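Read off the chains here:
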Amino acid sequence: MKKIIIAIDGYSSTGKSTIAKQLSKSLGYVYVDTGAMYRAITLFAMRKGYIGGATEDAEALVQSLSEITLVFKYNEALGYAEMYMDGENVEREIRTLAVSQNVSRVAAIEEVRLKLVEMQKQMGAEKGIVMDGRDIGTVVFPEAELKIFMTASPEKRAYRRYKELLDRGEDVNYEDVLHNVQKRDHIDSHREFSPLKKAVDAIEFDNSDMGLEEQFERMYNFALRVIEKQ
């Protein structure tokens, strides 16, 4: 049976990574969380003082891109790969609200996107991959056999993110998370280079009122139908 590329795009906090992990595990495919790559670059920029608050030194970040090494390492205990930056496991730190508040600004920098898109294309060269992000079906793999565009209301997405952050032990309030979700939506959709948008041939998937089990069943069936046609 031929392997395919599954591209899952969509707004922040729609659960793209959760579904992508389940799909990859069920199909025996490689999973790549491109959002983790952008978050790692953002963490690097924050640590260096290139970005944060009103600060934004995109030129300094671009000059430093060649210094950054990003690697996914599979964690058998967790059942998925974690992000390592320059040899350090940064999986937990890149998921904080502080990183979320800056990642869209970093992702809007053309040189950052070009570097990561090149890496992502190499990762999917052999197919048999599930990749999620903002521009997978439009820029990274426009030839992907299955494209999904995930969406949900900002309020539902903010509540999910809020609960996730509380479970991680962060001191956050819902209004701040909702503001972050709305701000990221605007930046992601309006950036000049590679904006978030639904590919013409993508399946729009609104999961505002769906549980994880229903989402997975639908996605898995989408994938099986496409694979069987290859």
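Keep in mind the model is a prediction, meaning the values are calculated, not measured.

A.B. asks: So what exactly am I meant to see when it comes to the overall build of the protein chain here?
C.D. replies: Helix and strand content of the protein chain: 9 helices and 10 strands. The C-alpha radius of gyration computed for the protein chain amounts to 17 Å, which stays within 12% of the reference 17 Å derived for 230 residues, consistent with globular compactness. For the protein chain, the spread of C-alpha atoms along the principal axes amounts to about 50 × 40 × 35 Å. Within the protein chain, the proportion of its 230 residues that are buried is 49%. Within the protein chain, residue pairs in contact and separated by at least 24 positions form 73% of the contacts whose partners lie at least 6 positions apart. Separation of charge centres in the protein chain, based on 32 positive and 38 negative side chains, amounts to 3 Å.

A.B. asks: Whenever I open this one, the sheet that holds strand β7 (residues 88-89) confuses me. Can you help?
C.D. replies: Strand order in this open sheet of 3 strands is β5-β6-β7, and the pairing throughout is antiparallel. Edge strands, defined here as strands with exactly one partner in the open sheet, are β5 (70-75) and β7. As paired strands, strand β6 (residues 80-85) and β7 are joined by 2 bridges and run antiparallel to one another. Within β7, the residue paired with methionine 85 across the bridge is glutamate 88.

A.B. asks: Looking at this model, I keep getting lost on the layout of surface pockets. Mind explaining?
C.D. replies: It is the rolling of a water-molecule-sized probe over the atoms that shows where space remains empty. Quantified by volume, the largest pocket comes out at close to 920 Å³. Lining the largest pocket are 38 residues, and of these Gly15, Ser17, Thr18, Arg95 and Glu164 sit closest to its centre. Those elements that place two or more of their residues in the lining of the largest pocket are α1 (16-27), α2 (34-48), β6, α4 (97-107), β8 (129-133), α7 (154-167), α8 (174-190) and α9 (212-229). With 6 residues, the top contributor of residues to the lining of the largest pocket is α1. Looking at the lining of the largest pocket residue by residue, the classes come out as 7 nonpolar, 13 polar and 18 charged. Taken together, the elements giving at least two residues each to the lining of the second largest pocket come down to α1, β2 (30-33), β5 and β6.

A.B. asks: I keep staring at α4 and nothing clicks. Help me out?
C.D. replies: An α-helical turn contains 3.6 residues, so any two residues separated by three or four positions project in the same direction. Within α4, 9 of the 11 residues are buried, which leaves the element mostly enclosed by the surrounding structure. All of the buried residues in α4 are Leu97, Val99, Ser100, Asn102, Val103, Ser104, Arg105, Val106 and Ala107.

A.B. asks: Please explain the environment of lysine 48 as it appears in this structure.
C.D. replies: Note that lysine 48 resides in helix α2. Classification of lysine 48 as partly exposed rests on a relative accessible area of 48%. For the pair lysine 48 and glutamine 230, spaced 182 residues apart in sequence, the C-alpha separation works out to 47 Å.

A.B. asks: How should the sheet that holds β8 be read in this particular structure?
C.D. replies: Pairing between the strands of a sheet is mediated by backbone hydrogen bonds and can be parallel or antiparallel. In space, the 5 strands of this open sheet follow the order β2-β8-β1-β9-β10, with parallel pairing throughout. Strands at the two margins of the open sheet, each flanked by one partner only, are β2 and β10 (203-206). Averaged over neighbouring strand pairs, the angle between their axes works out to 20° when direction is ignored. With 4 bridges joining them, β2 and β8 adopt parallel strand pairing. Following the sheet pairing, valine 30 is matched in β8 by isoleucine 129.

A.B. asks: Which parts of the structure should I look at to understand the pattern of salt bridges?
C.D. replies: Side chains that differ in charge, positive against negative, can pair when their charged atoms come close. Counted under the stated rule, the structure contains 15 salt bridges. Across the pair arginine 95 and glutamate 91 runs a salt bridge whose closest N-O atoms are separated by 2.7 Å. For the pair formed by arginine 95 and glutamate 91, the shared burial category is buried. Residue arginine 134 is joined to aspartate 188 by a salt bridge in which the shortest nitrogen-to-oxygen separation is 2.9 Å. With arginine 134 in the loop between β8 and α6 (136-140) and aspartate 188 in helix α8, the pair connects residues that are 54 residues apart, well separated along the chain.

A.B. asks: I keep staring at the nonpolar core and nothing clicks. Help me out?
C.D. replies: One recurring pattern in soluble globular proteins is that nonpolar side chains are buried together. Residues Ile41, Leu61, Leu70, Met83, Met85, Val112 and Leu116 are the most contacted members of the largest nonpolar core, which totals 37 residues. For this core, the secondary structure elements donating two or more residues are β1 (5-10), α2, α3 (58-64), β6, α4, α5 (110-123), β8 and α6. Examining the composition of this core, we find that 8 residues originate from one element, α2, more than from any other. What leucine 116 contacts, discounting residues up to four positions off in sequence, is Met37, Tyr38, Ile41 and Leu70.

Definitions and limits used
- Residues numbered from 1 in each chain as written.
- Predicted model: local features only at pLDDT ≥ 70, side-chain atom pairs only at ≥ 80, totals over all residues.
- Heavy atoms only, no water.
- Helix = DSSP H or I, 4+ residues; strand = E, 2+ residues; numbered from the N terminus.
- Rg over C-alpha atoms; globule rule 2.2 N^0.38 Å.
- Buried < 20%, exposed > 50% of the residue type's maximum accessible area, 1.4 Å probe, protein only.
- Contact = heavy atoms within 4.5 Å.
- Lys, Arg positive; Asp, Glu negative; His and termini not counted.
- Charge placed at Lys NZ, Arg CZ, Asp CG, Glu CD.
- Pairing = 2+ DSSP bridges.
- 1 Å grid on protein atoms, 1.4 Å probe; cavity = no way out; pocket = protein on both sides within 12 Å on 5 of 7 lines; lining within 4 Å.
- Points joined across faces, edges and corners; volume = space filled by probe spheres on them.
- Nonpolar A, V, L, I, M, F, W, Y, C, P; charged D, E, K, R; others polar.
- Axes fitted to C-alpha atoms, helices over the stretch in contact; angles between N-to-C directions.
- Salt bridge = Lys/Arg side-chain N within 4 Å of Asp/Glu carboxyl O.
- Core = buried A, V, L, I, M, F, W, Y, C linked by side-chain atoms within 4.5 Å.

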